[in-house]
Amino acid sequence: MLAQAATLFRYRLLIQSLVSRELKARYRGSILGFFWSFINPLLQLLTYGLVFTKILPGVHPKQIEPYLLFFFCGLLPWTWFQASLAEASGVLISGGNLIKKVLFPAEVLPVVTVLANLAHFLLGLPVLIALLLLYGRLSWTALLVPLPLLVQLVLTLGLALLISALTVHFRDIQSILTHVLHLWFFATPVLYFYGNLGGWVRTILRLNPMTHLLVSYQQMFFHDSFDHWRGLLAAAMVSLLCFALGAFLFERLRDTLAEEV
Amino acid sequence: MATPAVVARDVSKIYRRFLHKNQFRTLKSALLTGSLLSDLSPDETFTALEGVSFEVPKGATFGVIGENGSGKSTLLKLMAGITKPTRGQLAVDGRISALIELGAGFHPEISGRENVSINGIMLGLTRKQIEARFDDIVDFAELREFIDAPVKTYSSGMYMRLGFAVAIHVDPDVLLIDEVLAVGDEGFTRKCLDKIGEFRRRGRTILLVSHSLGLVEKMCDDVLWLRHGRVADHGDPKRVVDAYLTYVAGGEEALLRASDSDAAGAADTSATGATYQEGRWGSHEIEIAAVRLLDDRAQERHVYVPGESLTVALELRAAQPVEDFVFGVGIFTADGVSVYGTNTHLEEFVPQRIEGAAEVRFVIDALALVEGTYLLDVAAHKRDGTPYDYHRGLHSFRVKSRVKDVGVHRPAHHWTFAGGVSLAPPQPRPELDLHEDDERQG
């Protein structure tokens, strides 16, 4: 795992330029360009906002009012997570030319998708902070956000490595993943308040590392007080484990990638 | 020449194939039993290379030839480190740059400028090195006006040029080239060849995979011929290329035999003494029984110097009288480029009658060709092209010259110098005398 991390560090220049290429290329040719990084989450917010405040209103406990702001705190990190994995599943296949024809460190590709989506996440933060200020909810706990962010980065990297390498062998994963991520979205407290859950639902959600990450973000941004240390720590352990597994599997499958892509 | 640049010892590469149906079953069972890694076993294997051993000394230009699917590209990929050998060892000393797929890492949406820097980083350059070489790269690719346009607006030729320019400016110790010189227009190909020549002069090692046998013969110091993943021959370029040509001609002939049983009965007419097996077809109403290449003293010879006279003598037989006939001769370079072709019909001879034994001579007064191996087609056919007897590349001759000029055709020429220029005349070095008898020299 350390070796893997060292390799990634060695290729930082390559990763850095590929991420910036990814960001530049994404909105190249569109009129609004980089503004899409702000507009995308806002539009998503509006869609869900319409559904959960106008069509299905009044089911939100007091703790998560204003509901849209609460939802936005979870939406941004979730989008990072979900988009990273969805893109990572196809990234080795679409980058097959590189892996097959050039001496190219394959692990760079999934890492770049995760980092490019991290950049979108970071670009969305000013919007969130502006909204928080508007509602007068921003407090010092927001300074702790780098902690869950780092944990999420490790978790997402690990899963991205795992998924990207396995998808080369089992293309089915790409189709399955869409549904898994959809389910995962609802099994993660983005739309609802974790604090009010009880019974078996809570037990299941506790096993989900994303739950603890999102609760952390929500507490830090929205609730102005953070006490989910144990959950965050557990998520950190799971994330490291995930990264180790992803790195190990990627290393095992590395030699087959150029042949199977 | 101390340590070799590339050492391959008993290298084998076995590709594994996963059949789609089984793949699905594998996923299912893998998920059920939770044994993903152990279940990744292949259903079928394909041996792309088997027991390949060779060494490439530093500074050498090494060619790899062979038919499609003979393992050439696999070998190149192994050397580039893209895949690893299944068995055996392959060691490459120094930085490699592989011209396997030009512009493989280009992103269509962003500009040529940005692609150059990212591609350079991919190939192992630092930012500073790229900045220092950027102008050279752009000038070499001849893309200065377009360098800030997105790569998707480039023509495929421009794309290739930029890819080649970046790859060549990585300045590797070992350069791998896979057939990429076939792209681009004549001018750019020439430029690439010049750049590769410069590489050779600077003592860098080059590995060239190509179907262009002429290029391989001209450029390489050493040639490896792969056949079905094994080394078929290895050594002197001319010898290996000739052996390969013989083999390919034999393969073509076998195909012709299968389709035309008449040709199977054809007599052995390998009168030129060339190593090529016959590749011939036709109805045999007129038969080219023998083909001889004669010099100015009517002696049979296969090596000539430029300017000599060469006669192609066709010994013909027609069992029945024939009134519609044309005789033709074609000269080709070793890689199949037509140098010259003509026939009696094009030159407006009117056939009247041929019966029994006959001889036709095609006399070239002065051979205006540069050094190289040339193949001959000779044919007797009807005016509408229906062949009586067609010999395809069965006969060959070589031109040897002390002057290492380039191209195909050497026009009769001389130099004059006037005004404020002075050149010492060349050392008197007469062209070789290849006549076999020595009575006049004695």
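Just so you know, these numbers come straight off a predicted model, no measurement behind them.

### Here's the deal with the overall build of chain B
Here's step 1: If you tally the helices and strands in chain B, you get 9 helices and 18 strands.
Here's step 2: Of all 442 residues assigned to chain B, the portion counted as buried reaches 35%.
Here's step 3: Considering only contacts in chain B between residues 6 or more positions apart, those separated by 24 or more positions represent 74%.

### What about the overall build of chain A?
Here's step 1: Of regular secondary structure, chain A possesses 11 helices and 0 strands.
Here's step 2: Seen in sequence order, chain A has helices and strands lined up from the N terminus as α-α-α-α-α-α-α-α-α-α-α.
Here's step 3: Long-range contacts, defined as pairs at least 24 residues apart, comprise 78% of the intrachain contacts of chain A with a sequence gap of at least 6.

### Quick word on the interface of chain B and chain A
Here's step 1: Listed per partner, the contact involves 24 residues of chain B and 23 residues of chain A.
Here's step 2: Contributions of two or more residues to the side of chain B that touches chain A are made by helix H1 (20–33) and helix H3 (112–122) of chain B.
Here's step 3: Considering only residue class, the side of chain B that touches chain A consists of 13 nonpolar, 6 polar and 5 charged.

### Focus on the sheet that holds strand S5 (residues 96–99) of chain B
Residues and elements named next belong to chain B.
Here's step 1: As summarised here, the arrangement of the 6 strands in space is S5-S6-S7-S3-S8-S9, forming an open sheet in which the pairing is mixed. What marks the edges here is a single partner per strand, and that holds for S5 and strand S9 (230–235). Strand-to-strand twist in this sheet, taken as the mean axis angle between neighbours without regard to direction, amounts to 15 degrees.
Here's step 2: The pairing of S5 with strand S6 (residues 174–178) spans 4 bridges and is classified as parallel. Looking at the pairing, Ile-96 lines up with Val-174 of S6.

### Quick look at the confidence of the model for chain A
Here's step 1: Per-residue pLDDT for chain A has a mean of 88; in total, 98% of the residues score no lower than 70.
Here's step 2: Looking over chain A, one finds the lowest element-wise mean pLDDT in helix H1 (residues 2–10) of chain A, namely 74, and the highest in helix H7 (residues 146–169) of chain A, namely 94.

### As for the sheet that holds strand S13 (residues 310–322) of chain B
Through backbone hydrogen bonds, the strands of a sheet pair up, either in parallel or in antiparallel fashion.
Residue and element names in this part refer to chain B.
Here's step 1: Spatially, 3 strands are ordered S11-S13-S16 in an open sheet, and the strand pairing comes out antiparallel. Here the strands that pair on one side only, and so sit at the sheet edges, are strand S11 (286–294) and strand S16 (354–364). Direction aside, neighbouring strands of the sheet carry axes that sit 15 degrees apart on average.

### Points about the packing of helix H2 (residues 12–26) of chain A against H3 of chain B
Here's step 1: H3 of chain B packs onto H2 of chain A with a crossing angle of 150 degrees between their chain directions and a minimal axis gap of 9 Å. The angle between H2 of chain A and H3 of chain B places the two elements in the roughly antiparallel class. For the pair H2 of chain A and H3 of chain B, the crossing hand works out as left-handed. Contacts between H2 of chain A and H3 of chain B pair Leu-13, Leu-14, Ser-17, Leu-18 and Arg-21 of chain A from the former with Glu-114, Ser-117, Ile-118, Ile-121 and Met-122 of chain B from the latter.

### Description of the confidence of the model for chain B
Residues and elements named next belong to chain B.
Here's step 1: Taken over all residues, the pLDDT of chain B has a mean of 79, while the share at 70 or more is 83%.
Here's step 2: Predicted confidence in chain B is weakest over helix H9 (residues 261–264), with a mean pLDDT of 36, and strongest over S16, with 93.
Here's step 3: Low pLDDT, under 50, characterises residues 255–278; the predicted model gives this stretch 43 contacts beyond four residues in sequence or across chains.
Here's step 4: Scoring the predicted complex yields pTM 0.66 and, for the interface, ipTM 0.74.

### Side note on the nonpolar core
Here's step 1: The biggest cluster of nonpolar side chains holds 168 residues, and the ones touching the most others in it are Val-112 of chain A together with Met-79, Leu-99, Leu-176, Leu-207, Leu-208 and Val-241 of chain B.
Here's step 2: The greatest single-element share of this core, amounting to 14 residues, is contributed by helix H4 (residues 67–94) of chain A.
Here's step 3: For Val-112 of chain A, the contacting residues outside a window of four places in its chain are Ile-15, Leu-18, Val-19 and Glu-22 of chain A.

### A look at helix H5 (residues 156–168) of chain B
Residue and element names in this part refer to chain B.
Here's step 1: Helix length check: H5 (13 residues) gives 18 Å between terminal C-alpha atoms against 18 Å at 1.5 Å per residue, within 8%.
Here's step 2: Of all 13 residues making up H5, 11 are buried, and the element is well covered by its neighbours.
Here's step 3: Of all the positions in H5, only Met-158, Tyr-159, Met-160, Arg-161, Leu-162, Gly-163, Phe-164, Ala-165, Val-166, Ala-167 and Ile-168 are classed as buried.
Here's step 4: On the buried face of H5, the contacting elements are S5, H3, helix H4 (127–141) and helix H6 (186–201).

### Brief notes about the environment of Leu-115 of chain A
Residues and elements named next belong to chain A.
Here's step 1: Tracing the sequence through the fold places Leu-115 in helix H6 (residues 108–134).
Here's step 2: Distance from Leu-115 to Leu-157, taken between C-alpha atoms, is 8.8 Å for residues 42 residues apart in sequence.
Here's step 3: In contact with Leu-115, other than residues within four places in its own chain, are Ile-15 and Val-19.

### Here's the deal with the environment of Arg-171 of chain A
Residues and elements named next belong to chain A.
Here's step 1: Tracing the backbone shows Arg-171 in the loop between H7 and helix H8 (172–186).
Here's step 2: For Arg-171, a count of 17 C-beta atoms within 10 Å corresponds to the partly exposed category.
Here's step 3: The sequence separation of Arg-171 and Gly-90 amounts to 81 residues, and the corresponding C-alpha distance is 8.8 Å.

### Considerations on the pairing of strand S3 (residues 61–66) of chain B
Residue and element names in this part refer to chain B.
Here's step 1: Counted residue by residue, S3 has 6 buried out of 6 residues, so it is predominantly covered.
Here's step 2: Note: S3 against strand S7 (residues 205–209), 4 bridges, orientation parallel. Across the sheet, the residue bridging to Phe-62 is Leu-207, located in S7.
Here's step 3: Two elements, S3 and strand S8 (residues 222–227), share 5 bridges in a ladder whose sense is parallel. Along S8, the bridge assignment pairs Phe-62 with Asp-222.

### Section: unusual backbone geometry
With the exception of glycine, most residues fall at negative phi, and the peptide bonds are largely trans.
All names here are of chain B.
Here's step 1: Phi is positive for Asp-10, which is not a glycine, with a value near 55 degrees.
Here's step 2: Locating Asp-10 in the fold gives a position in strand S1 (residues 4–17).
Here's step 3: The backbone phi angle of Glu-348 is positive, close to 65 degrees, even though this residue is not glycine.
Here's step 4: By secondary structure assignment, the location of Glu-348 is in the loop between strand S15 (338–343) and S16.

Conventions and cut-offs
Residues numbered from 1 in each chain as written. Chains lettered and ligands numbered in written order. Predicted model: local features only at pLDDT ≥ 70, side-chain atom pairs only at ≥ 80, totals over all residues. Helix = DSSP H or I, 4+ residues; strand = E, 2+ residues; numbered from the N terminus. Buried ≥ 20, exposed ≤ 12 C-beta atoms within 10 Å, placed from the backbone. Contact = placed C-beta atoms within 7 Å. Nonpolar A, V, L, I, M, F, W, Y, C, P; charged D, E, K, R; others polar. Pairing = 2+ DSSP bridges. Axes fitted to C-alpha atoms, helices over the stretch in contact; angles between N-to-C directions. pLDDT = per-residue confidence, 0-100. Parallel < 35°, antiparallel > 145°, perpendicular 65-115°, else oblique. Left-handed = near helix turned anticlockwise from the far one by under 90°. Core = buried A, V, L, I, M, F, W, Y, C linked by C-beta atoms within 7 Å. Expected span 1.5 Å × (residues − 1).

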